[in-house]
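These are the residues of each chain, in order.
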Amino acid sequence: MKDSFKHGVHPPENKEETNKLPIRQFSFAPLIILPMQQHIGAPSKIIVREGQEVARGQVLAAADGYMSVPMHSPVSGTIRKISKVPVISGQMTEGIFLESFHSSGQEVSEGSPISVDASPEQILKGIQDAGIVGLGGAAFPTHVKLKIPDGKSCEFLVINGIECEPYLTTDHRVMLEQADDIFMGIRYLLKCTGAKEVIIGIEANKQDAADLLTQKIPAGMPVTVKVVPVKYPQGAEKMLITSLLGKEVPSGGLPIDVHAVVVNVATTAEIGRLLPHGQGIQERVITISGPGVKKKGNYLIPIGTPLRYVLEQVGAADNISEVYMGGPMMGVAVSNLDISITKGTSGIIVFGEQDINKTDKIFPCIKCGACVGACPISLNPSKLGILAKAEAYETMADDFHLMDCFECGSCSFVCPSNIPLVQYFRLSKSILRKRKTAKPAAVNV
Amino acid sequence: MFSKTLHISTSPHIRKGVSTDTIMQNVVWAMMPVLIFAVFSFGINALLVIVTAVVSSVLTEHVLCKWSNKESTISDWSAVITGILLGLTLPPIFPLWMTFLGGVFSVAIGKFVFGGLGYNLFNPALVGRAFLQAAFPVAITTWQSAFLEGRFFSISSSVLAFPFAEPKVDSISGATPLSAFKFDHVMTDSSDLALGLISGSTGETSAVIIILGGIYLIARKMMNWRIPVSILSTVFVLSGILYLIDDTIYPSPLFMLFSGGLMLGAVFMATDMVGSPITPLGVVIYGFFIGLLVVVIRVWGGLPEGVMYAILLGNALTPQIDNFIRPRVYGTKKTKS
């Protein structure tokens, strides 16, 4: 069995500036702004009113249906306003302005604990009630992911501690500092998925974390820690399954089709930390790094903390010109500093004006094949790019597997002609999705 | 605080940092030793031919861009490569006006009419050379002997011939090893071939220097090593088999490897990214096809040399190779074609 997936790229890691820094509690911002759409699915439904005083950990918004999660108060304070708030996509969404109490003890209120001996259904409900979503960045509701569809079975529980994005070191620090929470989380996950075997996948640049977790495996727990080569996008679910299990997830399928469920390591730790106390997510670990900030580090930041406040606290230079939420490979560039930290924010990477050294000159595709040698799922991005320019979206999907692309960006990263390939593919996919849902009369838009 | 307008872009926000113009420049650097050796062995005539080819290619590219109201693309260096390659494939005493015409033809017909860099089907320099071969069959097979005395100071009258005047055949001409073999069955020593102590086109004579340029580009990951390896090993194996069958009729495989334009073509022309397939397997098939044609044309064809046509036909086959050779996509059972 090969020990890794095919192709991939090696961007500079840039992790050494933060991977030795312990997780530190971030200060509470005077005003917290909580958007209700922080996850994939239906926005949370606000159940508090303006002027109401709330305690830290109290539920402020309930899950709106199965494909949704509740939202807990990250601080004790007063609800100042309920109105539209900006989010990273540039849109406005329903949200809560919460003024935090100055110098309060910020004690966390507890709910009803969920025991590891509870039934799988109770555990899944507990995970949803805790507001837990994929903390790796996707923010997909975890209880939905963990629900094994009828007729399928889960053999392998894969804990994703890869963190292949440059700069990010949150999962690394969580593994070093929250090992007990991780194993507690694994107990819950084993129970609710019925998995027989647990594999913790860690990239070779985090050998210390692998050693520590191997040492701490509780007696009798079917866990192995596997170290895999450093290669982007090793942390993508499908790639990790191939590297660890030697299997391929079928095109259009899910990990459960090869009897596996993949959960991010920080999400696992959060389950292990919150469920025994019946609490919900109020904060998360975020790496703040990049040449544009002075106090780089891994911080435990309350959800809803405004980005502007975060940047002021970490001594970001006045002339910052690029800020990304997430890592530099798949993260999103920020256009407005008035957005806040959400459950999916894994990193904040800041570049000053002088650090930007980009040539935006786009050359024609010279068919060098670099993208073909980079694509982890063996697509032909060169051909797809040419087809996208010709607006041949159906051909892209039908003959060249466009829909299998998970937008890791490896093709754009290597392209010597600076062609924004992955952006072409994102647009092509969304156009195709729109055409599919459009009524027959409106097909030729 | 934070007074600047934020710059936004789509992910990925970092790039590997090798750009197309850097690759092109490196190809030019890799060809420099070949060019210098060409001038060293054939003197000022070769220099004039190469410089003329480069000037006419770059000028044509610039003028055509301006004419079609586009930004000039000469800064991507690809026209320089075309010019150098064309110059390297011509005889050292090739008339300059014909050379100039070849440069114009290479860029205009070989590249521009297809849509410019990246869209051309064929290697532009070879398109230009094919045109010259058809238009001026005598001039393009009139060779200068290597290492003539006074080669750095005297310009051949043939080089300076007036347009459309019948060029005089110069007294300094000599036969290439391939034509000597084809027409007179004279075999040249293979160490002379490897080192370039022979007559031929300006840049094709020293296999060793060409190989060094190729190794440089392969080491910098700017050339697909599979292409020259596949072409050369095909030629070696096929001609080896023929040589074993009857060594009185067929040339030795080493002679085949080191003579004519094979090395120059395999290293610097067949490897043109635009005209070669995009997948590793596709490239090997492409190389085999070119190697096969080289042997067939040289051994059974009417011409002593077949590298140019072999590569042009390989270029023509490339879109079909890319169409049929598709790597299996992750999570799918079979190649869908």
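Since we're looking at a predicted model, the values are computed, not measured.

Enquirer: Where do I start with the overall build of chain A in this structure?
Expert: Counting its secondary structure elements, chain A contains 12 helices and 17 strands. Against the compact-globule benchmark of 22 Å for 445 residues, chain A has a radius of gyration of 22 Å, which places it among compact chains. Taken across its 445 residues, chain A has 55% of its residues classed as buried. Contacts spanning at least 24 positions in sequence make up 72% of the contacts within chain A whose residues lie at least 6 apart.

Enquirer: I would appreciate a short explanation of the interface of chain A and chain B in the present structure.
Expert: Many analyses report the size of an interface as the accessible area lost when the parts associate. Opposite the 55 residues of chain A that make contact, chain B presents 36 residues. Residue assignment for the side of chain A that touches chain B shows that the elements contributing at least two residues are α8 (307-313), β15 (320-325), β16 (332-333) and α11 (410-414) of chain A. Ranked by residue count, the leading element in the side of chain A that touches chain B is β15 of chain A, at five residues. A class-by-class count of the residues in the side of chain A that touches chain B yields 28 nonpolar, 17 polar and 10 charged.

Enquirer: How should the packing of helix α1 (residues 20-42) of chain B against helix α8 (residues 207-219) of chain B be read in this particular structure?
Expert: To characterise two packed helices, one gives the angle between the axes of the helices and the distance between these axes. Residues and elements named next belong to chain B. At their nearest, the axes of α1 and α8 sit 9 Å apart, and the two run at 165° to each other. The angle between the axes of α1 and α8 places the two elements in the roughly antiparallel class. Considering the relative orientation of α1 and α8, their crossing is right-handed. Seen from α1, the contacting residues are Asn26, Val27, Ala30, Met31, Pro33, Val34 and Phe37; seen from α8, they are Ile209, Ile210, Leu212, Gly213, Tyr216 and Leu217. Taken together, the residues of the contact of α1 with α8 sort by class into 11 nonpolar, two polar and no charged.

Enquirer: Explain the UniProt feature "transmembrane region" (unreviewed entry) in chain B to me, please; I cannot follow it from the model alone.
Expert: The positions UniProt marks with the feature "transmembrane region" (unreviewed entry) are residues 34-60, 96-114, 126-146, 193-218, 225-245, 251-271 and 283-301 of chain B. Across residues 225-245 of chain B, helical content stands at 95% and strand content at 0%; the span's end C-alpha atoms are separated by 30 Å.

Enquirer: I would appreciate a short explanation of the domain arrangement of chain A in the present structure.
Expert: All names here are of chain A. Assigned domains of chain A: these are domain 1 (120-277) and domain 2 (381-442). Inter-centroid distance (C-alpha atoms) of domain 1 to domain 2 is 30 Å. Of the residues lining the interface, four residues belong to domain 1; the matching set on domain 2 comes to five residues. Residues that form the side of domain 1 that touches domain 2 fall into these classes: three nonpolar, one polar and no charged.

Enquirer: Looking at this model, I keep getting lost on the sheet that holds strand β11 (residues 223-228) of chain A. Mind explaining?
Expert: Two strands in a sheet stick together by hydrogen bonds in their backbones, pointing the same way (parallel) or opposite ways (antiparallel). Residues and elements named next belong to chain A. Reading across the sheet, the four strands line up as β11-β10-β9-β12 and stay open at both edges, with parallel pairing between neighbours. Unpaired on one side and paired on the other, β11 and β12 (260-264) mark the two borders of the sheet. Going from strand to strand, the sheet's axes swing by 25° on average, the running direction of each strand aside. Bridge analysis of strand β9 (residues 156-161) against strand β10 (residues 197-203) gives six bridges, and the strand direction is parallel. Looking across to β10, one finds that phenylalanine 156 is bridged to glutamate 197. Across the sheet, helix α7 (residues 265-274) lies against β9 and β12, angled at about 80° from β12, the strand it touches most.

Enquirer: Can you walk me through the sheet that holds strand β17 (residues 347-352) of chain A in this structure?
Expert: All names here are of chain A. Strand order in the open sheet formed by six strands is β1-β14-β13-β17-β15-β16, with mixed pairing between adjacent strands. Edge positions in the sheet fall to β1 (24-25) and β16, since each of these pairs with one other strand and no more. As defined by bridge partners, β15 adjoins β16 across two bridges and the pair is classed as antiparallel. Across the sheet, methionine 325 pairs through a bridge with valine 332, a residue of β16. Relative to strand β13 (residues 283-289), helix α3 (residues 170-177) is tilted by about 125°, and along the sheet it contacts β13, β14 (297-302) and β17.

Thresholds, definitions, all that
Residues numbered from 1 in each chain as written. Chains lettered and ligands numbered in written order. Predicted model: local features only at pLDDT ≥ 70, side-chain atom pairs only at ≥ 80, totals over all residues. Helix = DSSP H or I, 4+ residues; strand = E, 2+ residues; numbered from the N terminus. Rg over C-alpha atoms; globule rule 2.2 N^0.38 Å. Buried ≥ 20, exposed ≤ 12 C-beta atoms within 10 Å, placed from the backbone. Contact = placed C-beta atoms within 7 Å. Nonpolar A, V, L, I, M, F, W, Y, C, P; charged D, E, K, R; others polar. Axes fitted to C-alpha atoms, helices over the stretch in contact; angles between N-to-C directions. Parallel < 35°, antiparallel > 145°, perpendicular 65-115°, else oblique. Left-handed = near helix turned anticlockwise from the far one by under 90°. UniProt positions renumbered as here; feature names shortened; annotations may be inferred. Domains from an automatic or database assignment. Pairing = 2+ DSSP bridges.

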